[in-house]
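A look at the structure
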Amino acid sequence: MKSKPKTAAAGPKKTAAAPAKKTAAKSRAKVAPKVAPRPASAARRKKVPSLLAGTRPRASEPPASEPPPSVQLGEASPPRIEETGSRVSTTDRASSPQVVAQMRELEAQLDRLIERASHPDLSELDEEDVDEAPAPAPAPAPEVRARAPEEEEPAPLSELPVPSGPGREPLSIPYARPSGPLPSQVAPVSERAVFDTARELLSTDFYLRKWGRLAMRNRSEEVDDFGYDPIYDEKVRPALDFLYTKYFRIEASGVDRIPAAGRCLLVANHSGTVPLDGVMIKTAVRREHPAHRHVRWLTEDFIYHFPYLGGAMNRLGAVRACQENAERLLANDELVAVFPEGVKGIGKLFAQRYRLQRFGRGGFIKLGLRTSTPIVPVAVVGAEETNPLLFRIEHLAKIVGLPYVPVTPTFPLLGPAGLLPAPTKWKMIFGEPIDFSSYGPEAADDELLVGKLAERVRANIQGMLDREIGSRKSVFFG
Amino acid sequence: MVLPKRNSSRPPSSEGLRRSRSGGRVVAVTGASSFLGNNLVGLLEEDPTVSRVVAVDVRPPLTGARKTRYYEVDFTQPTAEARLSEIFSAESVETLVHLAFLASPSHKSALAHELESVGTRHVLFAARHADIRKVVMWSQTWLYGANPSNPNFLTEKHPLRADPTEPFFGDKLEAEVEMNRFAKTPRTVATTLRTAPILGPTVNNTVTRYLARRVVPMMMGFDPLVQFVHEVDAIAAFKLAIDRDCPGVFNIVGDGVLPLSTVVKLAGRLAVPVPHPIARSFTGALWLAQLVDGPSAFLPYLRFLCVADGAKAKAEMGFRPAYTTREAVLDYTSAQRLRDVKLLQENAA
């Protein structure tokens, strides 16, 4: 008669949002006798046949005949859960914690199954009362589908009075192996066999799942539209802070010229064979700005051709540079950093440092005009000496998918370590915001005007750069 | 729900005649025994405004009941067009839902071509013959192609850049071209629903099989953002397109995106990074040996972005996905785990 309290234990455990699995499993033997109330609600009782339907082809409820998804669709038709349980379902849209709770619950049930499987004495017990075997995993497809009701379950369950005699009878019916010859005829696969398979498979699956959970610790389960991952960002933050404060000893001035809220375009000079300026501008604004705004910066396409770089940059907040993406970001009132020089900026030879290249075709001006976004020019000094570029090898690079293969004093010579940036002293100057909104959004189609405005911004940044370089005494000490 | 009246700009055509005697709508579904077809037939059975469902396929739909009339038509036969127009005229079909597409790549590429590309031609010609008022066609966002130069969210205006040499995409691209041609027919509503990869507890397609592997191959160093639509939402979108008149192309996608690695981890699988030059050369051979689920034309989807923007469907169709991408993955996973330990058996659908 162990089985009855045990199934009972499953009930209350379900009510806890996330039961401590290990302890639950360990103390199961102890708990079993203690837990008297048996919340054998109608819901629970009815769930079982549909589970069995999976193992017994001719069980009372054929699972395949009905298309489960059709249930949730019709505005009028009642959700399927009405059939399987007496709960009211409002399956509109479960928020993520609810889903998490459900996953946990499912996991706990599987854990119980494993626990059973690993205990030889318990598996003997199966032969006595097999009726219990399917109980630990009562999560058939229909139940899985209707997620929202799961959260409503605990309250009614705990409030339910302990069912009396008649309530117990139906519970055992669905899985009871009748004394007659029926099961051998009806079920080609006995529960015992299913159980053996479950034990085998779960043992490997269990660890794989644990592995997966472990792997999730470094990342968020949800990212934003462009793949920004807050948890990953949090993990990398100390490294970026180290680069910012200790390595490059960045001095940022005028950060408060960035508006505290609303869309804004930061336009900066691009540099460094390994472009770190995007990340550093982001770090600067996060650290120094009164509102600690989060900068999204637009990067060149080539990092997405290149292994590892694209994924990591995306998670930190980089977005592939294209008109659609930028418009979408600005429409969300984000702070967007752009490097209009693009690849030409990164590929500046050492001799050309701090000489701004052509500002594309003025895409950022069009963007600013169309969305009436203020533009804040940014000059980054020091970054252009981190990896002094001597030559570019272009034809070789086509094979690798890069715009060019850099040749620096250290790079091909010292291997990948040669790409480490030199610890130069950086300065970041955020200029006065430039507002082009007086031209109106139609001006974006006026190529001449766009070119003129782009040139004005370019001259502005060039001026800031020249001023700063003129007053700089040392590349490494500022 | 009565026939939508918002279509007032168009001439009323023969809407009155198109109704059957009992006053409901007549909806024809091709590919009725596919996953989408089966569920859609079941849904239309429950809809009181639909008087008859004309199911066309080579197998009868499992969900067909009182209202459903099943016709066995093989699109790969040259007589399919005449047969279809006969059926459509006899049943006075008002709305046609064209779902006869392969959900996963097939080795029988000649047959697939006949079914998808030529079959669509047959269906649309027959629709024109039978003067069908509305055609809803299934397509996939995969046709945009995975490309590093894609914007993060592809709108419906974006050109379809999937690899046309791969039959799985090429045939569907041709079907879209046919549909574009059909859309120019006066007095018709032509709706194309491009669904993101469909994921859910009961659906079985390339993506679910990819995630059902114990060990899931990924391209080393590439972790694209991916997007799914839950099966329930996909079916709901088709129902919506049947109930309302929304001419045009719509992306049917779930909200939100996830990095592929996160999807694999949420599914509780082990990701194995494979360098993509190696993968490309081996996948072709493995595909020919029928050891993998897809040819190497699918590999770019493991490397680059192919995420569509569902804003148009939201604004014009009123489509609101009930599941986000992440929720769809979790829903699929919870069913797949039971399937893994043989506690849940595959639905026949």
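Predicted model, so just to flag it, every value in this text is computed and none were measured.

1. Observations concerning the overall build of chain B
Helix and strand counts for chain B stand at eleven helices and 13 strands. The globule rule puts the C-alpha radius of gyration for 349 residues at 20 Å, and the 20 Å found for chain B is close to it. Across the 349 residues in chain B, those meeting the buried criterion constitute 58%. For chain B, contacts bridging at least 24 residues in sequence account for 78% of all contacts bridging at least 6.

2. Focus on the overall build of chain A
Assigned secondary structure in chain A consists of 24 helices and nine strands. Among the 478 residues that make up chain A, the fraction classed as buried is 39%. Long-range pairs, those at least 24 residues apart, make up 77% of the contacts in chain A between residues at least 6 apart in sequence.

3. A closer look at the sheet that holds strand β2 (residues 264-268) of chain A
All names here are of chain A. Strand order in the open sheet made by the seven strands is β1-β9-β6-β2-β5-β3-β4, with mixed pairing throughout. Across the chains shown, the open sheet's two edge strands, defined by having one partner strand only, are β1 (251-253) and β4 (318-320). Averaged over all pairs of adjacent strands, the angle between their axes in this sheet comes to 25°, without regard to strand direction. Taken together, the four bridges between strand β6 (residues 375-381) and strand β9 (residues 427-430) define a ladder with antiparallel strand orientation. Note on β9: the bridge partner recorded for A379 is I429. Sheet strands touched by helix α16 (residues 277-288): β1, β2, β3 (295-299), β4, β5 (335-338), β6 and β9. Its angle to β3, the strand with the most contacts, is close to 170°.

4. Observations regarding the packing of helix α4 (residues 109-129) of chain B against helix α5 (residues 167-183) of chain B
Residues and elements named next belong to chain B. Between α4 and α5, the least distance of the axes is 9 Å, while the angle of their chain directions is 10°. Judged by the angle between their axes, α4 and α5 are roughly parallel. Packed against α4, whose contacting residues are S109, A112, H113, E116, S117, T120, R121, L124 and R128, the element α5 presents P167, D171, K172, E174, A175, E178, M179 and F182 at the interface. Here the residues of the contact of α4 with α5 sort into six nonpolar, four polar and seven charged.

5. A closer look at the confidence of the model for chain A
Caution applies to low-pLDDT parts of the model: their predicted coordinates are not meant to be read in detail. Residues and elements named next belong to chain A. Residues of chain A with pLDDT of at least 70 account for 61%, and the chain-wide mean is 71. Of the regions scoring below 50 in pLDDT, residues 1-94 engages in 183 contacts with residues more than four places distant in sequence or in other chains. Low confidence marks residues 122-187, where pLDDT is under 50. Its contacts with residues over four positions away, or in another chain, come to 129 contacts.

6. Focus: the sheet that holds strand β11 (residues 248-252) of chain B
Residue and element names in this part refer to chain B. Strand order in the open sheet made by the seven strands is β3-β2-β1-β4-β5-β6-β11, with parallel pairing throughout. The open sheet is flanked by β3 (68-72) and β11, the only strands paired with a single partner. For this sheet, the mean angle separating the axes of adjacent strands, direction not counted, is 20°. The pairing of strand β1 (residues 25-30) with strand β2 (residues 50-57) spans six bridges and is classified as parallel. Paired with V26 across the two strands is R52, which belongs to β2. Sitting on the sheet, helix α7 (residues 231-243) touches β1, β4 (95-98), β5 (134-140), β6 (189-195) and β11, and the angle it makes with β6 is about 170°.

7. Considerations on helix α9 (residues 276-288) of chain B
Residues and elements named next belong to chain B. Look at α9: 18 Å from first C-alpha to last across 13 residues, which is about the 18 Å you get at 1.5 Å a residue. At F282, α9 is bent by approximately 30°, the largest bend along its length. The set of residues buried in α9 consists of H276, A279 and T283. Tucked into the core, α9 has its buried residues touching β8 (215-219) and β13 (270-274). With its phi angle positive at about 60°, Q290 sits one or two positions after the end of α9.

8. Some details on the nonpolar core
Core analysis: the largest hydrophobic core is formed by 178 residues, its most contacted members being L266, I281 and V378 of chain A together with V29 of chain B. In terms of residues, this core owes the most to one element, α7 of chain B, which gives nine residues. Among residues more than four places away in sequence, those in contact with V378 of chain A are L266, V267, A268, I281, M428, I429, F430 and G431 of chain A.

9. What about the pairing of β2 of chain A?
Residue and element names in this part refer to chain A. In terms of burial, β2 is a largely internal element, five of the five residues being buried. Burial along β2 is two-sided: the face carrying C264, L266 and A268 and the face carrying L265 and V267 are both buried. Pairing analysis gives four bridges linking β2 to β5, with the strands arranged parallel. Bridge pairing in β5 links C264 to L335. Bridge count between β2 and β6: four bridges; the pairing is parallel. Residue pairing in the sheet places L265 in a bridge with I375 of β6.

10. What about the confidence of the model for chain B?
Residue and element names in this part refer to chain B. Taken over all residues, the pLDDT of chain B has a mean of 89, while the share at 70 or more is 92%. Put simply, helix α1 (residues 15-18) is where chain B has its lowest mean pLDDT, 42, and strand β10 (residues 229-230) is where it has its highest, 97. In this model, residues 1-21 is a region of pLDDT below 50 whose contacts with residues beyond four sequence positions or in other chains number 25 contacts. Predicted complex, confidence summary: ipTM 0.84, pTM 0.72.

11. Regarding helix α24 (residues 447-471) of chain A
Residues and elements named next belong to chain A. Helix length check: α24, at 25 residues, gives a terminal C-alpha distance of 36 Å against a target of 36 Å (1.5 Å per residue), a fit within 8%. Among the residues making up α24, those that are buried are V450, L453, A454, V457, R458, I461, M464 and L465. On its buried face, α24 is in contact with β2, α21 (363-370), β6 and β9.

12. A short note on unusual backbone geometry
Of note, S372 of chain A is a non-glycine position whose phi angle comes to about 40°, a positive value. Tracing the backbone through its elements, the reader meets S372 of chain A in the loop between α21 and β6. Owing to 15 C-beta atoms within 10 Å, S372 of chain A belongs among the partly exposed residues under this scheme. Even without being glycine, R187 of chain B reaches a positive phi, approximately 60°. Among the structural elements, R187 of chain B can be located in the loop between α5 and β6.

13. Considerations on the environment of A335 of chain B
Secondary-structure assignment places A335 of chain B in helix α11 (residues 325-340). Separated by 37 residues in sequence, A335 of chain B and F298 of chain B have C-alpha atoms that sit 25 Å apart.

14. Quick look at the pairing of β6 of chain A
In terms of burial, β6 of chain A is largely enclosed, as seven of its seven residues are buried. A two-sided burial pattern is seen for β6 of chain A, the buried positions comprising I375, P377, A379 and V381 of chain A on one face and V376, V378 and V380 of chain A on the other.

15. Details of the environment of L260 of chain B
Relative to the helices and strands, L260 of chain B resides in helix α8 (residues 260-266). Residues contacting L260 of chain B, with those up to four places away along its chain left out, are M218, D223, P224, V226 and L302 of chain B.

16. A closer look at the environment of L240 of chain B
By secondary structure assignment, the location of L240 of chain B is in helix α7. In this structure L240 of chain B touches M317, G318 and F319 of chain B, once residues within four positions along its chain are discounted.

What counts and how
Residues numbered from 1 in each chain as written. Chains lettered and ligands numbered in written order. Predicted model: local features only at pLDDT ≥ 70, side-chain atom pairs only at ≥ 80, totals over all residues. Helix = DSSP H or I, 4+ residues; strand = E, 2+ residues; numbered from the N terminus. Rg over C-alpha atoms; globule rule 2.2 N^0.38 Å. Buried ≥ 20, exposed ≤ 12 C-beta atoms within 10 Å, placed from the backbone. Contact = placed C-beta atoms within 7 Å. Pairing = 2+ DSSP bridges. Axes fitted to C-alpha atoms, helices over the stretch in contact; angles between N-to-C directions. Parallel < 35°, antiparallel > 145°, perpendicular 65-115°, else oblique. Nonpolar A, V, L, I, M, F, W, Y, C, P; charged D, E, K, R; others polar. pLDDT = per-residue confidence, 0-100. Expected span 1.5 Å × (residues − 1). Bend = angle between axes of the 7 residues up to and from the residue. Core = buried A, V, L, I, M, F, W, Y, C linked by C-beta atoms within 7 Å.

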